[in-house]
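Here is how the chains run, residue by residue.
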Amino acid sequence: MDRVYNFSAGPSVLPQSVLAKAQAELLNYADSGMSVMELSHRSSLFNDIIEKAEKDLRDLMDIPDNYQILFLQGGATLQFSMIPLNLMVKGKAGYIHTGSWSKKAIQEAKKYGEIDVIASSEDKGFTYIPKLDQVQFDQVYDYIHITTNNTIEGTAYSDIPDTGDIPLVADMSSNILSEVIDVKKFGVIYAGAQKNIGPAGLTLVIIREDLIGKAKKNCPVMLDYKTHSDSNSLYNTPPTFAIYMASLVFEWLKELGGVKKMEELNREKAAILYGYLEQSKLFSSPVEKESRSLMNIPFATSTAALDAEFLAKAQAAGLVTLKGHRSVGGMRASIYNAMPVEGVKRLVEVMEIFENSHKVNV
């Protein structure tokens, strides 16, 4: 079967050249006579892999020297617990509620201290990002938490809030490496790998060094950032193959021209799809224009029956995993870094054909 265009929200499409390289090295990595999956995490070969992954990520994101990069497990969901366990010294934090994932982060953080929901877009079904320029951040907060891109709802921050001396913590799972960001604006950035980084199983944490070593006394050793910082992410066996794949993706990104070039391509892809949605009489997007995500674009027709019919047509055309999240319905095109421009153009072609065939019903 030919390769399809995979619009899954995660695990998501990976660069084909990366998959090909991993395939070529799968049985015999670097003339070791072993697969990379068989390498000891204490070996010099794997040490080279993880060190290169860290260096390339620092280069790609211009990460300052006073930030640690941790290669962890447990997904972004485990970070919902690790953040308050490590950062909640005074016992109070502020969260901005913009969708399903921030809701889960808030629920988990409440187990460890007092949580204020500083702003929310729940009043309009999470179709926008709340304005924060007038928000006064309480200096008693240990940190402020945001979700920079909302995978399910299709919204994203266009401007990162200035929280002053209060550390800003960001769940960046679905838009990390998709556009240029200033790491210095954040105290902690965390991201599950399965969108723009690599296969599921790896979680990245980028944390400012002064925020390490403040974990609660009852914090489990595996949930203490200091544990992983002190051991260079090798306290226990890390997700070695996922780290190797992430390293290949970082290498691919650098060869492409870095995050700046990737952002240009992502804006081109998003403009193609949003441009069609703006003029379509059949398909529409629920997201307010200024809050649109570059990565996850939800859209729908006027009825669930038409949505289902379109999804069947798209599947037949080799456009897969376009069904929207069960909580919102409709369709969702996740156009992460590895989705080529051609894939988005093909999606618009199929949408246009479908719309033309249903003009009598529009």
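In this report, the structure presented in the accompanying data block is examined. (Residues numbered from 1 in each chain as written. Predicted model: local features only at pLDDT ≥ 70, side-chain atom pairs only at ≥ 80, totals over all residues. Heavy atoms only, no water.)

**Describing unusual backbone geometry**
Across residues other than glycine, the phi torsion is negative in most instances, and most of the peptide bonds are trans. A cis amide bond, omega -5°, links Gly-10 with the succeeding residue Pro-11. Here Pro-11 shows up in the loop between strand S1 (5-6) and helix H1 (16-25). The residue Leu-177 is not glycine, and still its phi comes out positive at about 70°. Structurally, Leu-177 can be placed in the loop between strand S8 (168-171) and strand S9 (188-192). Leu-177 sits in the buried class, given a relative accessible area of 3%. You will see that Ser-233, though not glycine, has its phi angle at about 65°, which is positive. Considering the arrangement of structural elements, one finds Ser-233 in the loop between helix H5 (225-230) and helix H6 (240-256). (Helix = DSSP H or I, 4+ residues; strand = E, 2+ residues; numbered from the N terminus. Buried < 20%, exposed > 50% of the residue type's maximum accessible area, 1.4 Å probe, protein only.)

**Regarding the packing of helix H2 (residues 44-61) against H6**
When two helices pack together, their arrangement is given by the angle between their axes and by how far apart the axes lie. Interhelical geometry of H2 versus H6 gives an angle of 40° and a closest axis separation of 9 Å. In terms of their interaxial angle, H2 and H6 are classed as oblique. The chirality of how H2 crosses H6 is left-handed. Taken together, the residues of H6 that come into contact with H2 (itself represented by Phe-46, Ile-49, Ile-50, Lys-52, Ala-53, Lys-55, Asp-56, Leu-57, Asp-59 and Leu-60) are Thr-240, Ile-243, Tyr-244, Ser-247, Phe-250, Glu-251, Leu-253 and Lys-254. Here the contact of H2 with H6 is composed, by residue class, of 10 nonpolar, two polar and six charged. (Axes fitted to C-alpha atoms, helices over the stretch in contact; angles between N-to-C directions. Parallel < 35°, antiparallel > 145°, perpendicular 65-115°, else oblique. Left-handed = near helix turned anticlockwise from the far one by under 90°. Contact = heavy atoms within 4.5 Å. Nonpolar A, V, L, I, M, F, W, Y, C, P; charged D, E, K, R; others polar.)

**Examining the environment of Lys-52**
Its place among the elements puts Lys-52 in helix H2. For Lys-52, a relative accessible area of 34% puts it in the partly exposed group. It is 34 Å that separates the C-alpha atoms of Lys-52 and Ser-100, two residues lying 48 residues apart in sequence. Discounting chain neighbours no more than four positions away, the residues touching Lys-52 are Ser-247 and Glu-251.

**Overview of the packing of helix H7 (residues 258-279) against helix H9 (residues 341-357)**
Interhelical geometry of H7 versus H9 gives an angle of 5° and a closest axis separation of 9 Å. Regarding the angle of H7 to H9, the classification is roughly parallel. In this structure, H7 uses Leu-265, Glu-268, Lys-269, Ile-272, Leu-273, Tyr-276 and Leu-277 to contact H9, whose residues at the interface are Val-341, Val-344, Lys-345, Leu-347, Val-348, Met-351, Glu-352 and Glu-355. Of the residues assigned to the contact of H7 with H9, the class counts are 10 nonpolar, no polar and five charged.

**Let's talk about the nonpolar core**
Inside soluble globular proteins, nonpolar side chains tend to come together where they are buried. In this structure, Leu-177, Ile-197 and Phe-250 are the most contacted members of the largest nonpolar core, which totals 54 residues. Examining the composition of this core, we find that 10 residues originate from one element, H6, more than from any other. Residues in contact with Leu-177, not counting those within four places in the same chain, are Leu-57, Leu-60, Met-61, Asn-196, Ile-197, Phe-250, Leu-253, Val-259, Met-262 and Asn-337. (Core = buried A, V, L, I, M, F, W, Y, C linked by side-chain atoms within 4.5 Å.)

**Some points on the pattern of salt bridges**
Evaluated as defined, the whole model comprises 20 salt bridges. Between Asp-182 and Lys-184 there is a salt bridge; the shortest N-O distance is 3.2 Å. By relative accessible area, which is 31% here, Asp-182 ends up partly exposed. Lys-184 gets classed as exposed once you look at its relative accessible area, which sits at 57%. One salt bridge connects Glu-278 with Arg-292, and the closest N-O pair in it is separated by 2.9 Å. Residue Glu-278 is found in helix H7, and its partner Arg-292 is found in the loop between H7 and strand S11 (296-299); the two are separated by 14 residues along the sequence. Three or more residues joined by partner-sharing salt bridges are found here, namely Lys-21, Lys-52, Lys-55, Asp-56, Asp-59, Glu-251 and Lys-254. (Salt bridge = Lys/Arg side-chain N within 4 Å of Asp/Glu carboxyl O.)

**Let's talk about the environment of Ile-63**
Along the chain, Ile-63 turns up in the loop between H2 and strand S2 (67-72). Look at Ile-63 and you get buried, because its relative accessible area is 6%. Sequence separation of Ile-63 and Phe-80 is 17 residues, and the distance between their C-alpha atoms is 23 Å. Here Ile-63 is in contact with Leu-57, Arg-58, Ile-69, Val-183 and Ile-206, once residues within four sequence places are set aside.

**Re the packing of aromatic side chains**
In this structure the tally under the stated criterion is nine aromatic pairs. A centroid spacing of 6.3 Å and a plane angle of 70° characterise the contact between Phe-299 and Phe-310, whose relative ring orientation is edge-to-face. With a gap of 11 residues between them, Phe-299 in strand S11 and Phe-310 in helix H8 (residues 304-316) connect regions that are remote in the sequence. Its relative accessible area of 0% is what places Phe-310 among the buried residues. Residues Phe-310 and Phe-354 carry aromatic rings whose centres are separated by 5.4 Å and whose planes lie at 70° to one another, so their mutual orientation is edge-to-face. Note that Phe-310 is positioned in helix H8 and Phe-354 in helix H9, a separation of 44 residues in sequence. Overall, Phe-354 belongs to the buried group, its relative accessible area being 4%. (Phe/Tyr/Trp six-rings, centres within 6.5 Å; stacked < 30°, edge-to-face > 60°.)

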